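Here are the chains, one letter per residue:
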Amino acid sequence: MTPSAEQVLPPHVLIPGFESRHDESGIILVRGPKRSGKTTLLHAVNESAAESGARVLSVTGWPSEQQVAFGVLRQLLGQLDEPPSAAADRQEPAAVPPGLLTDLQECTYHRLVSADATHRLLVSVDDINFVDRPTQGFLRFLARRLQGTRIRLVLSERTGQASPHCTDFRTDLLRLPHTRLVRLSLLTREALASWIAERVAHVREPAARRAAQRIATEVHDVGGGNIPLSGLLVGKYLASVEQGRSTLTVDADFYDTVRLLIDGSDTPGFGRGARAVAVLGPLCTTQRLSRLLDGDTGLADRVLRTLGELGMTHGTRLRQHIARALLDDPDFTEAADVQLAAARVLFDDGAPVRHVARKLEAAGKIGPPWDLPLVMEVVGRAVEEGRGEVAGALLRLVQASAVTTEERAAAEMLLLRSEWLTNPVLVSSLVPSLSGAARQGVLRPADAALLVRAMMLHGYPDRAWELLSALREEPQGPEDEVEVTLAEVLHGVWHGVPPRTPRGDQHGSGAPAGAGRCLVIGNHSWLPTVLHKIPDLLDQGDRAGVVFAAEQLLEGIRIRTSEVEPFLFACWVLDAVNSLPLARKWCTSLSAALDGFPSPLWRSLLAAVQARIALALGDLTGTRRHLQEALAHKPWQEWGSGVGSLAAVLVEALTESGRYEEAAEVLDRPVPPAVFRGVGGLLYVRARGRHHLAVGRLHAAVADFENCRDMSAYLASDLPAVVPWRCDLAEAYLQVGDVESARGLLQEQLGLLPEEETSVQGTTLRLLAKADVEDRRVSLLKASADQLERCGSRLQHAYTLVELAAAYRESACLGPARATIRRAQRMAQQCDAGRLQRLIAAGTAAGTARDDVPPAYGGELGKLSSAERRVAVLAIRGHTNREISTRLFITPSTVEQHLTRIYRKLRVRHRQDLEDRFSSVFEVLGAHA
């Protein structure tokens, strides 16, 4: 053991001003709880009296000797001098006769008086609670006869002991005028701070002296002013100061001292009650504690009162380190049972479910007064409150405690429902056992359908397909049918081919009426929109209606409570009508909502959709960044069949960025066969073909695009706005010289696209311009550029501008060609399109070599002033009137006036004619300006 309070704390710390009290009274009665410093004070008085020349007689009452008559008196007589002859003559009888008591008192008294004749005498009695009755009678006799003698009495009494005879004795003592009562209480922060400051005053380190107040506060917060605990902590602190540190240490010695204080109490059941208080923690009340103590309200009151007297509680709550000492006690073997009982008490009181779950989890098992159905009720409450982590912790406990297959499957299904959106590792661990339970028919169809959804999204497409096929063959009630339909919706969306007809419609008009009501009023109220409204709108070609319905789905999504299926379906239908960028703002808001909801699945799915949006808008850097986030939260192998569309976006982004080797590495990664069961496989093969086209493998590209054609026919899923394989194949045909085949594919593509403008339509017009006659080329490319600009597809717009610049150059419109190619260069840089930048660089070098110098228009240009020539140069370079005014430090109206005079002098009507006729000359002028 480390130094105790008696070895560390001086009396004046325990009782301010005590050093001046010990000689003032004939009797000093010190009262306080166990280990509150009573013995320390008695020792201090004894030492002080001995130093002043007094003779000290010190005796102690013991619980084991309380029933031994004259036991303490014998201790006192043993310390008095006695003639050997008298000792030999006196023989005490086995049982003392009643009349001898007075004689013994008088004899002892006379011997004390005789000793007092030569020395001042101090009689010190510790723990008078345990002094036998005959000795207490003697002390009464002595106390009444102290006046006129040099005998002093110092007595200590332990409070909290129910002892009627001690109460009478104390009452008699306090009636005497020369009795001084000293009540010991808990240490104050001020007393500790002043004493610590005294002890560290010799330390030269200023930080140590400044830390006295802080350490006193910390000591008081940890020990509550308890004497032994404070002495221990202060001693540790002073030892650290001597070693050059200034830290407060709470270690195993502190915990051992706490247990010693608790277990050394004489109150029956105090140790068990204190540990029950530690288990209840901040939720402890007298009523709850009494229920944990078998309904003993009296014991609960005594426990809380005694803990308060010891400074171990703050209110009814044990201080943190004191509670930890009791909870971590290796001898607390019934801890699990107490935790279970506390959990039941809290549950019956309607305490928050997280507190009940914390107690059950701390118990580490399920046992009386709990059974599995009752724990499952707690789990249900946690799920209803949205506390998935609490439900998960409980269900893992249930899973470990389950006995039958049905119990285990029920626990695992609840665990899956609570954490399948947030814990992919858990899903992977549950799939094997739950799949087996489904094959054995243990799972309800609704539970099996949820398992299908979880397996689909977490990388088990084959198992999901097998289980879904089995579910389709089983008869189902209305509620189960809703869940199975939801699983089918997810399976279709995940593969890019959502179901077109509700399951109820397959049974004709005799379908159960309840099925429709379940779809409307159940947890999946969005399903009617998906199963009826959106498919009909798609069939009718109502793009505006499809967009509106998808936006309705997106607006109703909440990260914490919604399924992922409506989000995936809404994004799919927007993509089907080439309007996925419209989901951008919802993706941003949902991503922000994930800051307080750790769901790797939601984060990965959102990032994947954001990557597709960024690619559609031509933001290649953003595409790669979102894909990195998607793969960080959901690794490649966990995407299952969904990895096809993810890989397609990644390959296309890397290819357009000019990072061909990285794109090839992605294509070398294995993908599951299930990828090719849906549109994801089409996107993957198309992206591979685009990569082949970019690196010059034309025949491999043609093979991939033709494979896309065959896969679309096999899947009966020709989506020209989602997978424009006709455009890709036409582009490959153009590069190999098969213009007629390319033209036919492009015309077919235009016929299949909706009337609304789409980026795919703009791309098709650009390719058609390459396959058409030269006199229509510029007009087709301008139409393509206009559509792509309105759709916000910057990368495809830049490609069109490159083609338009080449068409201008071939038509000898060199000014527009240069302005257009510069615009394309800026857009390619903004998109980080390395491939396009290389094409522009190669085309610009070749075009510059072919440029012819136009004839000089010296006579006409001579009519312009120098200011007009400067305005003309900037206008031909593509600057707006406001930009020209800013660069030349003139007003926009002045620019308009200059342009009007320029048009009149050069005999042109507008800026386009100016660019067509005089671009080369003005560029020369601008170069020499």
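As the structure is a prediction and not an experimental result, all values here were calculated from the model.

Remarks on the sheet that holds strand β2 (residues 55–60)
- Pairing is parallel in the open sheet, where five strands are placed in the order β2-β3-β4-β1-β5. For this open sheet the edge positions go to β2 and β5 (179–183), each flanked by a neighbour on one side alone. If you compare each strand with its neighbour and ignore which way they point, the axes differ by 15 degrees on average.
- Where β2 and strand β3 (residues 121–126) come together, six bridges link them in parallel fashion. Each residue of the ladder has a partner; that of Ser-58, found in β3, is Ser-124.
- In this fold helix α4 (residues 71–78) packs onto β2 and β3, with an angle of close to 155 degrees to the strand it touches most, β2.
- Contacts from helix α7 (residues 133–144) reach β1 (27–32), β3 and β4 (151–158) within the one sheet, and its direction differs from that of β4 by about 135 degrees.

Structural notes on helix α27 (residues 527–540)
- An ideal rise of 1.5 Å per residue puts 20 Å on 14 residues; α27 measures up with 20 Å between its terminal C-alpha atoms.
- At Lys-533, α27 shows its largest bend, some 30 degrees, and a proline, Pro-535, comes one to four positions later.
- Residue Gly-541 follows α27 closely and has a positive phi angle near 70 degrees.

Topic: the packing of aromatic side chains
- Counted according to the given criterion, the structure contains six aromatic pairs.
- Pairing Phe-569 with Trp-572 gives two aromatic rings, centres 6.5 Å apart and planes at 40 degrees, and the pair type is tilted. Of this pair, Phe-569 and Trp-572 both sit in helix α29 (residues 565–576), three residues apart, which is roughly one turn of the helix. Trp-572 shares its class with Phe-569; the two are buried.
- If you follow Lys-634 out to its NZ or CZ, it ends over the ring of Trp-639, 5.7 Å from the centre.

With respect to the packing of helix α37 (residues 725–736) against helix α38 (residues 739–752)
- Running from N to C, α37 and α38 cross one another at 160 degrees; their axes reach a closest spacing of 8 Å. The orientation of α37 with respect to α38, classified from their angle, is roughly antiparallel. Between α37 and α38 lies a crossing whose hand is left-handed. Contact with α37, carried on its side by Trp-725, Arg-726, Cys-727, Leu-729, Ala-730, Tyr-733 and Leu-734, involves Val-739, Ser-741, Ala-742, Leu-745, Leu-746, Glu-748, Gln-749 and Leu-752 of α38 and no other residues of that element.
- Partitioned by chemical class, the residues of the contact of α37 with α38 number 11 nonpolar, two polar and two charged.

Re the environment of Leu-174
- Here Leu-174 is to be found in helix α8 (residues 164–175).
- On the basis of relative accessibility, which here comes to 39%, the residue Leu-174 falls in the partly exposed class.
- Here the alpha-carbon distance between Leu-174 and Ile-28, two residues 146 residues apart in the chain, equals 9.8 Å.
- When neighbours within four sequence positions are excluded, Leu-174 is seen to be in contact with Leu-29, Thr-179 and Leu-181.

Rules and cut-offs
Residues numbered from 1 in each chain as written. Predicted model: local features only at pLDDT ≥ 70, side-chain atom pairs only at ≥ 80, totals over all residues. Heavy atoms only, no water. Pairing = 2+ DSSP bridges. Helix = DSSP H or I, 4+ residues; strand = E, 2+ residues; numbered from the N terminus. Axes fitted to C-alpha atoms, helices over the stretch in contact; angles between N-to-C directions. Contact = heavy atoms within 4.5 Å. Expected span 1.5 Å × (residues − 1). Bend = angle between axes of the 7 residues up to and from the residue. Phe/Tyr/Trp six-rings, centres within 6.5 Å; stacked < 30°, edge-to-face > 60°. Buried < 20%, exposed > 50% of the residue type's maximum accessible area, 1.4 Å probe, protein only. Lys NZ or Arg CZ within 6 Å of the ring centre and 35° of its normal. Parallel < 35°, antiparallel > 145°, perpendicular 65-115°, else oblique. Left-handed = near helix turned anticlockwise from the far one by under 90°. Nonpolar A, V, L, I, M, F, W, Y, C, P; charged D, E, K, R; others polar.

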